[in-house]
Number of protein chains: 2
Amino acid sequence: MKIIVFGAGLVGAPIAYDLASAGEFEVSVADKDVKALNKFAHSKEIQVIQSDLSNPEIVKKLAKGFDFVISAVPGHMGFQTLKATIEAGKNVIDIAFFPENLFDLDELAKENGVTAISDIGVAPGFSNVLIGHVDHFLDKTLKAVIYVGGLPKIRKWPWEYKAVFSPIDVIEEYTRPARYIENGKMITKPALSDPEFLDFPGIGTLEAFNSDGLRSLTHTIDCPNMIEKTLRYPGHIDKIKLLREVGFFNSNPVDVNGIEIKPIDFTAKLLFPKWKLEEGEEDITVMQVLIEGEKGKKKLRYTYDLYDSYDPITKVHSMARTTGYTASMALRMVAKGLYKRKGVSAPEFIGKQPECVKFLLAGLKDRGVVYKERIEQFLTD
Amino acid sequence: MKIIVFGAGLVGAPIAYDLASAGEFEVSVADKDVKALNKFAHSKEIQVIQSDLSNPEIVKKLAKGFDFVISAVPGHMGFQTLKATIEAGKNVIDIAFFPENLFDLDELAKENGVTAISDIGVAPGFSNVLIGHVDHFLDKTLKAVIYVGGLPKIRKWPWEYKAVFSPIDVIEEYTRPARYIENGKMITKPALSDPEFLDFPGIGTLEAFNSDGLRSLTHTIDCPNMIEKTLRYPGHIDKIKLLREVGFFNSNPVDVNGIEIKPIDFTAKLLFPKWKLEEGEEDITVMQVLIEGEKGKKKLRYTYDLYDSYDPITKVHSMARTTGYTASMALRMVAKGLYKRKGVSAPEFIGKQPECVKFLLAGLKDRGVVYKERIEQFLTD
């Protein structure tokens, strides 16, 4: 089976290596950036294609030459790339995390007989799979909470943070109001709101804040209480609030000595180099997903814990591991015929098929990405 | 006696009012800014002169028409304004706090038979007077410490700070390395270094950090340990360090989307409006000056405490009160013939004449600016 990976970035590259490693697939990687493609200079298994993926016509033409597509392009190109791939009639695993609604392409994918899975990283991604899985098993889901963060292993003043994905998307998370579901109602609060301290074994205390990360879950899961909170080392949030309060993240231009400038453009210039995760710098991914609900007369709480870190052997960052291997395993799952739904699927749809969840968990475990499950039982009051 | 005040700013205006209030002097105020001069529209006693004081020739011509000058111009114009005034042969009280060395004009002032006193605000200013005073009395001065801060009475997140003088000079204090004398040697440390918490009665805990404020004292006072530290509400320093670390105070231009911009210019645009002390907003001035030394067989510690606040009757901010009334009392001291030294004096020179110190303290007390003196005695080891 011939696979093409769109995007040779932080996550695209380890996906390509993973798919090519055991000779299962013939793997090609396409990117506009020659430097990004140079990573594969020493690989005999992976073919590289220099190509401008911002042009959907090029995407469509490229896709037609392959059996399966993985889209790991930047978010702003994600929707059009997915659309072009679906139009080419190819199954696709998509981790572009575009801002548009993924279900807008569901009809088109069905018409083209395409199986597309979007948002299938770590969170969004495997968090959705787990919620979908438990929701499918329970009679009634009452609560779902996702705590997730990508952090540097070594904490350095003042930020104790490195951006494990695009830093401008991190700022977006720090400024866009956060939506969550409480008692069946959608609540909107400012970003960075409701900070709370939580202890994680082997890591210590982290601070969680509301972030706008539920995405498709608000439409697909019938649960009256759902929330995602992002994790940082304690103190980071206060520092970010400070910058936000001064206006350093604003998009409205200000006049500085007769020059119009967007504060966020200026801040990005100074701040983002400080947040750059260096090659070989160890990062960790921490996630806890809690789901509570009723099954028969039992009240159950499922807790899934993920602690993953940078792999010094493969030199793959943890965020790339946890995101990329979820995507590469999802591709295998579809390729093997385990998941057949036509249309655009959110990852929680996969959760309805226990054999798919089992397959993904096993594949992730083989790659060192281990989810620990804990089930607690309560008596219904 | 005809007085002219150069500069109708935050401090110049209350000086003019103070000098004119009892009919002691005929007072005029000169400024380029018509808006600044409009403050005096309702005053019958004070004459206003719209004049460009950035031109030293204009300054000299203006000064010649008066008996005495107070220079309260911005720091960058301070040296040339003082020089022009001395060239005009007029006695002058100067609170411009210019970066140049005030003693560079000493010879010129002596040649012109002029009595000039520079840096005669609160700190630098009355702090120097007190150190000079105790140093003159003691046989040997061993230690002098100045803690000083101008703060808003009402503390608001995140800064708990309002700039009581030019905010760009505040940033200068946050970035310029701090020099102090320890065991007879000049030590240079980064700005904001050596933070310590101190409790002040009626105020609570404040945080002090090294600032480069000794100025003339390093040359004029023979004391092996001298330091000035600036006071802020706790937490302010950490926030400032954060901005400094990111580079928001840098002067070297950075390229933002093809536009060269100095970070400090950009930061000033966003930050300074947040630090603006509003009309009627209450500020406080806190100062503690400690001087230790030997007199005969006694070891003595002198402590002077100042706590001053905004005057809701006159609507004069505390920083303007403590600075301006020191200057206006110094003018009276010279006008009465109490202080006669020709040349440019640093305020610590005044401290050598106990009758001058007594005069200033009494005048300040009349205006509600009260220094509390405490003398403790130790046995020499």
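Note that the structure is predicted; figures quoted are calculated from it, not measured.

A. The relation of the copies chain B and chain A, seen in detail. With an RMSD of 0.0 Å, chain B superimposes on chain A once it is rotated by 180° and translated 0.0 Å along the axis. Given the turn and translation reported, the copies of this chain are related as if by a two-fold rotation axis. The position closest to the rotation axis in chain B is occupied by the C-alpha of B:K239, lying 3.7 Å away. Both copies present the same face, since 100% of the interface residues in chain B are matched by interface residues at the equivalent positions in chain A.

B. Representation of the sheet that holds strand β5 (residues 91–94) of chain A within the structure. Residues and elements named next belong to chain A. In space, the seven strands of this open sheet follow the order β3-β2-β1-β4-β5-β6-β17, with parallel pairing throughout. The sheet is open, and its two borders are formed by β3 (46–50) and β17 (343–345), each paired with just one other strand. Taking each pair of neighbouring strands and ignoring which way they run, the sheet shows an average axis angle of 20°. Sheet topology places β5 next to strand β6 (residues 115–118); three bridges connect them, and they run parallel. For V92, the partnering residue across the bridge sits in β6 and is A116.

C. Quick peek at the interface of chain B and chain A. Each partner contributes residues to the interface: chain B has 26 residues there, and chain A has 26 residues. The contact between chain B and chain A buries some 2500 Å² in all, and 81% of this surface belongs to carbon and sulfur atoms. Summed over the shared surface of chain B and chain A, the number is two salt bridges. For B:E245, the salt bridge is made with A:K274, and the minimal N-O distance between the two is 3.7 Å. Remark: the boundary between chain B and chain A carries six residue pairs in polar contact (both at pLDDT 80 or more). If you list the elements that add at least two residues to the side of chain B that touches chain A, you get α9 (236–246), β13 (254–256), β14 (259–261) and α10 (263–271) of chain B.

D. Highlighting the environment of A:P263. The topology assignment puts A:P263 in helix α10 (residues 263–271). Along the chain, A:P263 and A:F248 lie 15 residues apart, while their C-alpha atoms are 5.2 Å from each other. Apart from the residues within four sequence positions on either side, A:P263 is in contact with A:G247, A:F248, A:N250, A:N252, A:P253, A:V254, B:F266 and B:L270.

E. Region of the structure containing unusual backbone geometry. Cis geometry is found at the peptide bond from A:W157 to A:P158, where omega equals 0°. Mapped onto the fold, A:P158 is located in the loop between β7 (140–152) and α7 (167–175). Residue A:F97 is not a glycine yet carries a positive backbone phi of 50°. Looking at the secondary structure, you find A:F97 in the loop between β5 and α5 (106–111). Not every positive phi belongs to a glycine, and B:R215 is a case in point at roughly 45°. Here B:R215 shows up in the loop between β11 (204–210) and α8 (217–220). The partly exposed category is assigned to B:R215, whose relative accessible area is 30%.

F. Quick peek at the pattern of salt bridges. Residues and elements named next belong to chain B. The final tally for this structure, using the stated rule, is 46 salt bridges over all chains. A salt bridge links E172 to R176, with the nearest nitrogen and oxygen atoms 3.2 Å apart. Of the residues examined, E172 reaches a relative accessible area of 36% and is grouped as partly exposed. A salt bridge links D194 to K189, with the shortest nitrogen-to-oxygen separation between them at 3.0 Å. D194 gets classed as partly exposed once you look at its relative accessible area, which sits at 31%.

G. Spatial organisation of helix α4 (residues 75–87) of chain A. Residue and element names in this part refer to chain A. Under the 1.5 Å per step criterion, the end-to-end length of α4 is 19 Å for 13 residues, consistent within 8% with the ideal 18 Å. When we look at burial in α4, the residues that qualify are G75, M77, G78, F79, T81, L82, A84, T85 and I86. Once α4 finishes, G89 follows within two positions and takes phi at roughly 80°, a positive value.

H. Structural detail: the packing of aromatic side chains. Inspection of the entire model under this criterion finds 26 aromatic pairs over all chains. A ring pair is formed by A:F272 and A:W275, whose centres lie 6.1 Å apart and whose planes are at 25°; its orientation type is stacked. A:W275 sits in the buried class, given a relative accessible area of 0%. Taken together, a centroid distance of 6.5 Å and an interplanar angle of 20° make the contact between B:Y302 and B:Y304 stacked. On the basis of relative accessibility, which here comes to 8%, the residue B:Y302 falls in the buried class. Classification of B:Y304 by relative accessible area gives buried; the value is 2%. These aromatic residues form a ring-pair network of at least three members: A:W159, A:Y161, A:Y174, A:F209, A:F272 and A:W275. Sitting above the plane of the B:F66 ring, B:K2 keeps its charged end 5.2 Å from the centroid. The aromatic ring of B:F137 is capped on one face by B:K295, whose charged end is 4.5 Å from the ring centroid.

Conventions adopted
Residues numbered from 1 in each chain as written. Chains lettered and ligands numbered in written order. Predicted model: local features only at pLDDT ≥ 70, side-chain atom pairs only at ≥ 80, totals over all residues. Heavy atoms only, no water. Least-squares fit on C-alpha atoms with pLDDT ≥ 70 in both. Contact = heavy atoms within 4.5 Å. Pairing = 2+ DSSP bridges. Helix = DSSP H or I, 4+ residues; strand = E, 2+ residues; numbered from the N terminus. Axes fitted to C-alpha atoms, helices over the stretch in contact; angles between N-to-C directions. Buried area = accessible area lost by both parts, 1.4 Å probe. Salt bridge = Lys/Arg side-chain N within 4 Å of Asp/Glu carboxyl O. Polar contact = N/O pair within 3.5 Å; in protein donor to acceptor, adjacent residues only side chain to side chain. Buried < 20%, exposed > 50% of the residue type's maximum accessible area, 1.4 Å probe, protein only. Expected span 1.5 Å × (residues − 1). Phe/Tyr/Trp six-rings, centres within 6.5 Å; stacked < 30°, edge-to-face > 60°. Lys NZ or Arg CZ within 6 Å of the ring centre and 35° of its normal.

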